[in-house]
Amino acid sequence: MTSLRLNGVTVRFPFPPYDCQKEYMSKVLECLQRSVNGVLESPTGTGKTLCLLCAALAWRESLKDAVSAQKIAARLGDQELFPDRPLASWGSADADSKAPNSYTDVPKIIYASRTHSQLAQVVSELKNTSYRPKVSVLGSREQLCINPEVMRQESNHVKVHMCRNKVSTRSCVFYNNTEEKSTDRDLVTSILDVEDLVKYGNKHRACPYYLSRSLKQQADIVFTPYNYLLDPKTRRAHNIELNGAVVIFDEAHNVEKTCEQSTSLDLTPHDVASAIAAVDRMLQEQAKEVGHQDAGGEDGNLEPLQSGLNMELSTIAKIKQILLDLEAAIDSYDVPNDKGITKPGIFIYELLERAHLTYRTRTPVCEALEQICGHLAGKPGIFLNTSGLQKLSDLIQLVFCGEPSETERQQQMHLNTVHFKVHIHRETGYHNRKGSADVWTSSSSKKQGNVLSYWCFSPGFSMQDLERQGVRCIILTSGTLSPLSSFRSEMRIEFPVTLENGHVIERDQIFVSVVDRGPDGVNLSSAFDRRFIPENMASLGNTVANLSRVVPHGLLVFFPSFPLMEKTLDFWRGKGHAERIDHVKPMFVETKGKGAFTEVIDGYYNKVNDPASKGGSFFAVCRGKASEGLDFADTFGRGVIITGLPFPPKMDPRVILKMQFLDEMNLKKTPELKYLSGQQWYRQQAFRAVNQAIGRVIRHKEDYGAIFLCDERFKGLNAREQLPSWIRPYVRLHDSFGNLVREVSQFFRVAQKLRPVEEKKPTTAGETLRPADWQSSSTSSRSSSQSCHAQKAKVLDAHLPSLKRRRLDDHTRANDMSRILSEYEGEGQGRKTRPASLLEALERVDHCRGKEEEVGEEKAHRLSTLSLQYDKRADDDLRGGKRKIRLVHGQKSSLEVSDEVKGSRAKALLAEMKKSLSQVTFDQIIQALQNYKKTDNMDILLSEISVLSEDVNTHSLLKGIYQFVRSHHKQKFDEKCLELIGQGCGYTPDHSLAKDRQMVEGLKPSSGASGCSQLNTQQLNRGGPHLSQQGLRGPQPGETSLPASASRTSFQSTFVAEVKKALGPEKSAQLFSALCSYKNTENYDNMVTTVVSLFTERDEDFHLLVRFGMYIRPHHKRQYKRMLNALAGLPDLEEDASAAAEGQQTQAPSSPT
């Protein structure tokens, strides 16, 4: 531990700081001491998080020392406690302000970052320091709730409703223990992140969500995602007190966007309709109660209603009239289909006045809305959607902020709306996905209402609001804030302290080149008019293929957008470029969905760590998950290729209006206010995204890597000036591609000699090497990124909130898989006989671990989402490992074919399924095979595995199941495959003979595949898109689904008719759209949120929600049933049965030992 004195404050640092770190901490202390705002840029890898924590906490300790000195001086009078250290020198932390008078006056530090996983890294850094402040980490119920009944709900609305209900009735045992555990010394004095807090809650059966809110009151430093601060609604919900606090925004390059989004609002027709339905429900309930009271006495209406709602019927009726008038006002505008109507921000007052919403009526309306929402949220039984009411309340509070007098009202209205635009446009969310087909599509084209959008286009609105809360100072910091002048002007508050820090690396650690032409001399450009020209795409493919040969280990390739990446990779696959790249560095492709991303990135990490490989290549998009939140330190990111400039979509209404807004502000030429022009902002957004992606390559002082800017537009001086200041001096231009290759090869040879890394050791059988298991030999332990490898799993949570739930379920899933395999194994216990068929080989898949035998001429050596090959042994299927198995038609008789080969073939297919499919789909297939083994029912098997026919990438898996089909069903299975996917399984009549008949007649057994074919193991993307990124698709021309019975069709038609009658055309269209999306994506969460909100608006529609279960996929049936029970207030019978069984086991006497 090193102590140094900066700006009169003693700072304890884990190691001797670099000069750039001293400069950074000095600037932080300057902001704190002078109570002024600061914008501090320091490149990734310079340890800014550690510097922020140490400087801020040292300053806070100095203030506490000053308070102690005051108290001691008051007792000692004129005497000194230590002759060699006068009391006046204690805690000289404030240069321009007085020291606080008490410990409670010492400012609290609010530390905000973009995501919880980034905050987890910050908390980890704090543990590496000598400071031990009281800490609180704020989170939502989604992250912190541990009540099993609440966690089981898929809809966030249902979770919040259920939690509030349990808290109000004190029926949550975890909440009831919170008050007792909130003072626990171990809790208060420990430094816990969200995951640690959940572990503590589970251990002590106390609610982490309410514990974090309790800890916040006494915390010295509060960690929170920064939307909790910037969104006034969320800030009020968490009761975050900002007066006198120090607010730090880390990773602040996203603050601008978050500021605008948090103060923008879209009021859809569904929001207004659901609000009207909720108020209708209230009117009906209150009318009934008033009727009962009238029956009991003449003055019954004067008494408080038994429901506990202190509101007259007339008030509720007025709220309904306001909603009806607002709906009519919004829909009164004739909006073109392709464009909307845009008005100045102040127009919102004219529109709301038509619904009787003004400054005069603001307070009573908001109070009434709050009472109605609270009353409905606290009611037990069926969940009622109140989001529309909440949105209206949020809109009123946003528009009518401030307390102006009558004379000042017009000026206040102008100030409130100067940063806003009103945009009225058609609702487009009801449109079906292209090519989808379902029973719901018939009404999806019905006319929809208008959407009222009230959009903010200046982040300064939120930043000024923060200042008005009385904060001491605001510090914005990130690795990519350049150019600082424009960033400061966007914030609309003063930033007296600024810093553009240099990097800690030397010249020989970074190689930056503008690659304007490919190896074939074709100019490279991602401009809109050139990006899809075949010559340009081919030249870019040749460029990446050649660079993949000279860049060691991991190579990152960033595209401007998903559509461009998908089309380019599809082109490369057809022309052979992808195969060339994959041969050298197996290709992994970033996915749009959350669930598959962790598997893809794990595959990339493992491939880079594999000592037998030359590394891997990871293809991603700027502004995506990989460019923002992941750490590609050392060998995981030796090179970064930027394939173009990621400009925002120019036809997006918000982008168009943002540029118009900035141009209008510039025309006003307001003194002392500088705005970017619309074009400057548009250009800046592209370079901010580029700079963020570039930051993936150098992560600490001993790291090194190369950056390739593959677009001719980077040649311009203006473009290079937009790059980070630490990169600009190293940018090179080459007159030929050959010279570039020579220079970068020389760069890596020198870098590897000067900074060698530890040799990668081969993994033992059955072992998966993860980033946390592999350590670089670099001396970067002094860097803030020293624990980057160990934190990769946490980093993934930034983009995958569901990982927490998945980790909780992993043990259960592993047990389920073990049980399935053990059932198969149990039947063969004690027998030495070999499996008589491939079906029996499946049964003994776990028993013959280690017996695998490779078949074919060539051993697999690559793992990627292109080649779909995996080099892990097949018996690693429970851990997700893979091995390529080449299947060869046997030339011997059945007596000579090895049963071990059959067993390994079955194991290989299971392993491929495990890696290629989502967990729920894999479980569904395994269960279907088990049922088929017991019942011999081919029809049920076909219906369960037909999901594999929906994606061309999983067709090979469907055909692979042919080997498990019993002989008398093989012909039927082959015909069904031909019907579903247009390909058979190589069926011949001899396949239908039982094995004993084959032996008698000397027939050769089929291998389950025709010719010398390789099992298509699918990619890591969980059966989702690969290079084409087409995803799960509906039936294509020439394909047919399993036929449905006439009775089922009739039943569905009746149900659809009832739905249309109950919901009306508008809501029916929303329901149809949600179901079509669910059919294509299997996104249960999104679908169930929409369905529940529609079917629970009226009690009489609840039976439709129950009947809707016919459209739920089998692997979601149980979740859906539990949700229905929860909504109806019924007990969970499965959980009760499980608890009863567990209780019986507990009561059973233990056997004596």
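Residues numbered from 1 in each chain as written. Predicted model: local features only at pLDDT ≥ 70, side-chain atom pairs only at ≥ 80, totals over all residues. Heavy atoms only, no water.

## Quick word on the overall build of the protein chain
Then step 1. The helix and strand tally for the protein chain stands at 45 helices and 20 strands.
Then step 2. A total of 1153 residues make up the protein chain; the buried ones form 56% of that total.
Then step 3. Restricting the contact set of the protein chain to residue pairs at least 6 apart, pairs at least 24 apart contribute 78%.
Then step 4. Total accessible area on the protein chain stands at roughly 49,400 Å², and carbon and sulfur atoms take up 49% of it. (Helix = DSSP H or I, 4+ residues; strand = E, 2+ residues; numbered from the N terminus. Buried < 20%, exposed > 50% of the residue type's maximum accessible area, 1.4 Å probe, protein only. Contact = heavy atoms within 4.5 Å. Areas by Shrake-Rupley, 256 points an atom, 1.4 Å probe, with all protein chains shown as cover.)

## Section: the side chain of T643
Then step 1. Along the chain, the position of T643 falls in the loop between β18 (639-642) and α28 (653-668).
Then step 2. Among the polar contacts made by the side chain of T643, one reaches the main-chain carbonyl oxygen of F558 at a distance of 2.9 Å.
Then step 3. Beyond its immediate sequence surroundings of up to four residues, T643 is in contact with S526, L540, V557, F558, F559, P560, C710 and D711. (Polar contact = N/O pair within 3.5 Å; in protein donor to acceptor, adjacent residues only side chain to side chain.)

## Some remarks on the pattern of salt bridges
Then step 1. For the structure on display, the rule yields 33 salt bridges.
Then step 2. Here E149 makes a salt bridge to K166, at a shortest N to O gap of 3.0 Å. Of this pair, E149 sits in helix α5 (residues 148-151) while K166 sits in helix α6 (residues 156-168); the two residues are 17 residues apart in sequence, bridging distant segments of the chain.
Then step 3. According to the relative accessible area criterion, K166 is buried, its value standing at 12%.
Then step 4. The residue D516 makes a salt bridge to R517 at a minimum N-O spacing of 3.8 Å.
Then step 5. Accessibility expressed as a relative area gives 11% for D516, which makes it buried.
Then step 6. It is possible to trace a salt-bridge network through shared partners that takes in D508, K701, E702 and R755. (Salt bridge = Lys/Arg side-chain N within 4 Å of Asp/Glu carboxyl O.)

## Some thoughts on the nonpolar core
Then step 1. Among the nonpolar cores identified, the biggest contains 106 residues, and F223 and F618 are the most heavily contacted of them.
Then step 2. For this core, the element with the most residues is helix α2 (residues 48-76), which contributes twelve residues.
Then step 3. L267, V279, F420 and F461 belong to the second largest nonpolar core, which has 48 residues in total. (Core = buried A, V, L, I, M, F, W, Y, C linked by side-chain atoms within 4.5 Å.)

## Thoughts on the sheet that holds strand β9 (residues 341-344)
Then step 1. Ordered by their spatial adjacency, four strands build an open sheet running β8-β11-β10-β9, and the pairing between neighbours is antiparallel. Of all the strands in the sheet, the pair left with one neighbour each is β8 (265-267) and β9. On average, adjacent strands in this sheet sit at an angle of 15 degrees to one another, irrespective of strand direction.
Then step 2. Judged from the seven bridges that link them, strand β10 (residues 420-426) and strand β11 (residues 450-456) form a sheet pairing that is antiparallel. The partner of I424 across the bridge, within β11, is L452.
Then step 3. Against the sheet, helix α19 (residues 387-399) contacts β8, β10 and β11, and its axis sits at roughly 130 degrees relative to β8. (Pairing = 2+ DSSP bridges. Axes fitted to C-alpha atoms, helices over the stretch in contact; angles between N-to-C directions.)

## Remarks on the sheet that holds strand β15 (residues 554-559)
Then step 1. Taken in spatial order, the seven strands line up as β16-β17-β15-β18-β19-β14-β20 in an open sheet, and their pairing is parallel. Since the sheet does not close on itself, it has two edges, and those belong to β16 (587-589) and β20 (731-733), each with one partner. Sheet twist, expressed as the mean angle between neighbouring strand axes with direction ignored, is 20 degrees.
Then step 2. Here strand β14 (residues 510-514) pairs with strand β19 (residues 705-709) via five bridges, running parallel. The residue of β19 that forms the bridge with V512 is I707.
Then step 3. Each of β15, β16 and β17 (616-621) touches helix α24 (residues 562-575); the most contacted strand, β17, lies at about 140 degrees to it.

## Notes on the packing of aromatic side chains
The geometry of an aromatic ring pair is captured by the separation of the ring centres together with the interplanar angle, meaning the angle of the planes.
Then step 1. Under the counting rule described, the total for this entry stands at 36 aromatic pairs.
Then step 2. With 6.4 Å between their ring centres and 85 degrees between their planes, F597 and F618 make a pair best called edge-to-face. Highlighted residues: F597 in helix α26 (residues 597-609) and F618 in strand β17, separated in sequence by 21 residues. The same class applies to F597 as to F618, namely buried.
Then step 3. Pairing F747 with F748 gives two aromatic rings, centres 5.0 Å apart and planes at 70 degrees, and the pair type is edge-to-face.
Then step 4. The class of F747 is buried, set by a relative accessible area of 9%.
Then step 5. Residue class for F748 comes out buried when judged on its relative accessible area of 2%.
Then step 6. Three or more aromatic residues link up through ring pairs in this structure, and these residues are F588, F597, Y604, Y605, F618, F632 and F636.
Then step 7. Across the ring face of Y704, the terminal group of R638 is positioned such that the distance to the ring centre comes to 3.7 Å. (Phe/Tyr/Trp six-rings, centres within 6.5 Å; stacked < 30°, edge-to-face > 60°. Lys NZ or Arg CZ within 6 Å of the ring centre and 35° of its normal.)

## Quick look at the pairing of strand β6 (residues 221-225)
Then step 1. Burial analysis of β6 places five of its five residues in the buried class, the great majority of the element.
Then step 2. Side chains I221, F223 and P225 project from β6 onto one buried face, and the interleaved V222 and T224 project onto a second face that is buried too.
Then step 3. With three bridges connecting them, strand β5 (residues 135-137) and β6 associate as parallel partners. Following the sheet pairing, V137 is matched in β6 by F223.

## Overview of the environment of Q1052
Then step 1. Along the chain, Q1052 falls in helix α41 (residues 1046-1081).
Then step 2. Q1052 sits in the buried class, given a relative accessible area of 13%.
Then step 3. Distance in space between the C-alpha atoms of Q1052 and Y1111 is 9.4 Å, their sequence separation being 59 residues.

## Re unusual backbone geometry
Only a minority of non-glycine residues have a phi that is not negative, and only a minority of peptide bonds are not trans.
Then step 1. Despite not being glycine, S35 shows a phi value in the positive range, around 55 degrees.
Then step 2. Within the element layout of this structure, S35 appears in the loop between α1 (19-34) and β3 (38-41).
Then step 3. Of the residues examined, S35 reaches a relative accessible area of 30% and is grouped as partly exposed.
Then step 4. Even without being glycine, R492 reaches a positive phi, approximately 60 degrees.
Then step 5. Here R492 lies in the loop between α22 (484-491) and β13 (497-500).
Then step 6. For R492, a relative accessible area of 13% puts it in the buried group.

## Some thoughts on the packing of α24 against helix α25 (residues 577-584)
Then step 1. Across the interface, α24 lies against α25 with an axial gap of 5 Å and an inter-helix angle of 90 degrees. In this view, α24 runs roughly perpendicular relative to α25, as classed from their interaxial angle. For the pair α24 and α25, contact is made by F571, W572, R573 and K575 and by H577, A578 and I581, respectively.
Then step 2. In terms of residue class, the contact of α24 with α25 is built from four nonpolar, one polar and two charged. (Parallel < 35°, antiparallel > 145°, perpendicular 65-115°, else oblique. Nonpolar A, V, L, I, M, F, W, Y, C, P; charged D, E, K, R; others polar.)

## Description of helix α21 (residues 460-468)
Then step 1. Those residues of α21 that sit buried are G460, F461, S462, M463, D465 and L466.
Then step 2. Among the residues trailing α21, G470 stands out with phi positive, at a value near 85 degrees.

## Quick word on the confidence of the model for the protein chain
Then step 1. Mean pLDDT for the protein chain: 75, with 72% of residues reaching 70 or above.
Then step 2. Overall, residues 297-306 carries pLDDT values under 50, and its contacts beyond four positions in sequence, including any with other chains, amount to 14 contacts. (pLDDT = per-residue confidence, 0-100.)

## Overview of the pairing of strand β1 (residues 2-6)
Then step 1. Two elements, β1 and strand β2 (residues 9-13), share five bridges in a ladder whose sense is antiparallel. Following the sheet pairing, L4 is matched in β2 by V11.
Then step 2. Here β1 folds back onto β2 in antiparallel fashion, the turn holding two residues, of which N7 has a positive phi close to 55 degrees.

## Quick look at the environment of Y932
Then step 1. By secondary structure assignment, the location of Y932 is in helix α36 (residues 919-935).
Then step 2. Since its relative accessible area comes to 1%, Y932 is described here as buried.
Then step 3. Sequence separation of Y932 and V965 is 33 residues, and the distance between their C-alpha atoms is 8.8 Å.
Then step 4. Once you skip the residues sitting within four places of it in the chain, Y932 turns out to touch N937, M938, L941, F964, V965, R966 and H969.

## Thoughts on the packing of helix α37 (residues 938-945) against helix α39 (residues 970-981)
Then step 1. For the pair α37 and α39, the least separation of the axes is 11 Å and the interaxial angle reads 30 degrees. Overall, the two elements α37 and α39 adopt an arrangement that is roughly parallel. For α37 against α39, the interelement crossing comes out right-handed. Where α37 abuts α39, its residues M938, D939, L942 and I945 lie against K972, F973 and K976.
Then step 2. Broken down by class, the residue content of the contact of α37 with α39 amounts to four nonpolar, no polar and three charged. (Left-handed = near helix turned anticlockwise from the far one by under 90°.)

## Some remarks on the state of the cysteines
Then step 1. A complete count under the given rule lists zero disulfides for this structure.
Then step 2. Cysteine C259 shares no disulfide, and the gap to the nearest cysteine sulfur, in C456, comes to 8.1 Å. (Disulfide = S-S within 2.5 Å.)

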